[in-house]
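# Survey of secondary and tertiary structure
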Amino acid sequence: MTSWQNEQEVAAPAVPAPRSGDEPELLVAAQHGDAQAAHRLGKLYAQRGDRSAARHWWERAASGGNIDSAYNLGVWHEKHGTLEEAVRWYELAAGTGDAEAAVNLATLLLEQRGDIEAARRWFESAAHAGSRSAARRLALICEDAGELPFAREWHRRAAADGDVASAHDLGFLSYQVGEEEETVRCWEYAARGGHAEAAYHLGLFLQATRDPEGAEAYFRLAAKSEHPGAASQLGGIALSRRDLRTARAWFERAAVAGRLDDQRMAGFVCVELSDSQGASHWFGRAAASGDAESAFNFGLLLIAELGDLQGGQHWFRQAALAGHRRAAMELGGLLSATGQPHEAEKWLADPPPPTWDRLAEPELSARAELAAAATGRRGGVTLKVRDLTEILGTWDLLTRPLRDHADVVVWLVERSGLHASAVEHLASVRTTILRPGTSPWPTPSEVEHVLATARDLRLRLAAR
């Protein structure tokens, strides 16, 4: 199929480009009804930038049955905003089985008219004719319609033709129904094809399944494409090895992408390296963006390194207002020491409740991030990684002393006094995050409810 996507036209092998001096010969033939000559004449005028003349001869050629001209007219009218005419010409070309015209027609119907059903029919026509892009678009339409088995099949077809984005998407659809072997195959294929997100998600999966060497290899592959999440993971790996300079370099690569957690981690590593200026930069940057933990640590740094009590008080207050318990306690003590007992009493008497600040096991953090990524696809409501990590980490923390986990729910209920249904719900959500496919992903309201149960459990068991 020839097209007129640019002013410099590239001819299809079946229709030779006009040569210099061909115009009189083509003009005579076209005037006598030769559709192919009319098409070639239109191409000649298109190459010269005479769009009106090109349109004229393509219309003559299309009327004589030349499908390439019908397609070019569709492109011409789409470029010039006459969408009804574009649809008419694309339909003429697509009706003969031309896959490229069918894709353009379906895209126009979907994006300009919002006609999903008609677009779907033409995408199907193009996909059956071998169009990879049509297969991918069909997969996405099926995903949005909740037709996941059809979505997986179309993604599979597109991936088989080399579409790495569809391979990545198919990996997620397989992950959420518990088909881990296909998940790995898809993400590995996409990652080797240069898809950084696939490499990163495969790294998370390998981390979740306790293959740290494999995970690191794929994080490094993703990091070559400047993936900030991969840089963060590599920073954590370097930190676990006490390679502080390498950790700092990776965290800073992630931090410049605006990731608050990594700005905070860069600040912590700078403290370990006795670089107060670097720590001040990263804590201050994250604190200014609303990160309570960074605000608290920035306040500590200002007081310890610069003796800046006013600056420390400011950032303690910002962190305390955001619910940071330790900041509230430090603020109360500082206010008392500086002669402001009334406000000090307010913070000391009623500090915010303690928040989850433990580092979860790497495999739990990886499962939480994969669940969040899976729920946030295609316009879904993304679950918060921090909330999911706290749920998994709380269960791990409280049940770690047990040798036999067969009756863990009963044990937690007896120890905490909570209603069995609340603990069972927590157990169910935990299982879904760790073993996708056992039940649908939890809703945000479910996560909020279960998170409250997890916090209540921690408080009750800590008091015993």
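The present account deals with the structure reproduced in this document. (Residues numbered from 1 in each chain as written. Predicted model: local features only at pLDDT ≥ 70, side-chain atom pairs only at ≥ 80, totals over all residues. Heavy atoms only, no water.)

## Looking at the overall build of the protein chain
When helices and strands are counted, the protein chain shows 26 helices and zero strands. Taken over the C-alpha trace, the protein chain has a radius of gyration of 31 Å; the compact-globule value for 464 residues is 23 Å, which it surpasses by more than 25%. Viewed in the frame of its principal axes, the protein chain has a C-alpha envelope of about 100 × 55 × 40 Å. The proportion of buried residues among the 464 residues of the protein chain is 48%. Contacts in the protein chain between residues at least 24 apart in sequence constitute 50% of all its contacts with a sequence separation of at least 6. In the structure as shown, the protein chain presents an accessible area of about 22500 Å², 50% of it carried by carbon and sulfur atoms. In the protein chain, the 50 positive side-chain charges and the 64 negative ones have mean positions that sit 2 Å from each other. (Helix = DSSP H or I, 4+ residues; strand = E, 2+ residues; numbered from the N terminus. Rg over C-alpha atoms; globule rule 2.2 N^0.38 Å. Buried < 20%, exposed > 50% of the residue type's maximum accessible area, 1.4 Å probe, protein only. Contact = heavy atoms within 4.5 Å. Areas by Shrake-Rupley, 256 points an atom, 1.4 Å probe, with all protein chains shown as cover. Lys, Arg positive; Asp, Glu negative; His and termini not counted. Charge placed at Lys NZ, Arg CZ, Asp CG, Glu CD.)

## Re the pattern of salt bridges
Charged atoms that come close allow side chains of opposite charge to pair. Tallied over the entire structure, the rule returns 31 salt bridges. Arg 220 serves as the salt-bridge partner of Glu 216, at 3.0 Å between the closest nitrogen and oxygen. Of the two residues, Glu 216 and Arg 220 are both situated in helix α13 (residues 212-223); the distance of four residues between them amounts to about one turn of the helix. Look at the salt bridges and you will find they share partners, linking Arg 152, Glu 153, Arg 156, Glu 179 and Glu 182 into a network. (Salt bridge = Lys/Arg side-chain N within 4 Å of Asp/Glu carboxyl O.)

## Concerning the packing of aromatic side chains
Under the defined criterion, the tally for this structure stands at nine aromatic pairs. Look at Tyr 71 and Tyr 90: their rings are 6.0 Å apart centre to centre, the planes differ by 55°, and that puts the pair in the tilted class. Highlighted residues: Tyr 71 in helix α4 (residues 67-79) and Tyr 90 in helix α5 (residues 83-94), separated in sequence by 19 residues. For the pair Tyr 71 and Tyr 90, one class covers both residues: buried. With 6.4 Å between their ring centres and 25° between their planes, Tyr 175 and Trp 441 make a pair best called stacked. Of this pair, Tyr 175 sits in helix α10 (residues 164-175) while Trp 441 sits in the loop between α25 (420-434) and α26 (444-462), and the two are 266 residues apart along the sequence. By the burial criterion, Tyr 175 is buried, and Trp 441 matches it. Linked through ring pairs, Phe 172, Tyr 175, Trp 187, Phe 205 and Trp 441 together constitute an aromatic cluster. Over the face of the ring belonging to Trp 89 we find Arg 88, whose NZ or CZ atom lies 4.4 Å from the ring centre. (Phe/Tyr/Trp six-rings, centres within 6.5 Å; stacked < 30°, edge-to-face > 60°. Lys NZ or Arg CZ within 6 Å of the ring centre and 35° of its normal.)

## Let's talk about the side chain of Glu 363
Along the chain, Glu 363 falls in helix α22 (residues 362-375). The class of Glu 363 is buried, set by a relative accessible area of 12%. Only 2.9 Å separates the side chain of Glu 363 from the side chain of Arg 210, close enough to count as a polar contact. With near-sequence residues (within four places) excluded, Glu 363 lies in contact with Gln 207, Ala 208 and Arg 210. (Polar contact = N/O pair within 3.5 Å; in protein donor to acceptor, adjacent residues only side chain to side chain.)

## Concerning the nonpolar core
In terms of nonpolar packing, the biggest core is built from 57 residues, with Trp 187, Phe 219, Leu 388, Leu 412, Leu 426 and Leu 457 touching the most fellow members. With eight residues, the single largest contributor to this core is helix α12 (residues 196-208). Residues in contact with Leu 388, not counting those within four places in the same chain, are Ala 368, Ala 371, Ala 372, Leu 383, Ile 433 and Val 447. Core analysis: the second largest hydrophobic core is formed by 42 residues, Ala 119, Ala 127, Ile 141 and Ala 151 among them. (Core = buried A, V, L, I, M, F, W, Y, C linked by side-chain atoms within 4.5 Å.)

## Structural notes on the packing of helix α7 (residues 116-128) against helix α8 (residues 132-144)
When two helices pack together, their arrangement is given by the angle between the helix axes and the distance between those axes. With their axes 8 Å apart at the nearest point, α7 and α8 run at an angle of 140° to one another. Relative to α8, α7 is oriented so that their crossing is left-handed. Seen from α7, the contacting residues are Ile 116, Arg 120, Phe 123, Glu 124, Ala 126 and Ala 127; seen from α8, they are Ala 134, Ala 135, Arg 137, Leu 138, Ile 141 and Cys 142. Its residues placed into classes, the contact of α7 with α8 shows nine nonpolar, no polar and three charged. (Axes fitted to C-alpha atoms, helices over the stretch in contact; angles between N-to-C directions. Left-handed = near helix turned anticlockwise from the far one by under 90°. Nonpolar A, V, L, I, M, F, W, Y, C, P; charged D, E, K, R; others polar.)

## Focus on α7
Taking 1.5 Å of rise per residue, the 13 residues of α7 would be expected to cover 18 Å, and the 18 Å separating its terminal C-alpha atoms lies within 8% of that figure. Within the sequence span of α7, burial applies to Ala 118, Ala 119, Arg 120, Phe 123, Ala 126 and Ala 127. Packed against the buried residues of α7 are α6 (99-113), α8 and α9 (148-160). Immediately downstream of α7, the backbone of Gly 130 shows phi near 105°, a positive value. (Expected span 1.5 Å × (residues − 1).)

## Observations concerning the environment of Gly 214
On the secondary structure map, Gly 214 appears in helix α13. Judged by its relative accessible area of 15%, Gly 214 is buried.

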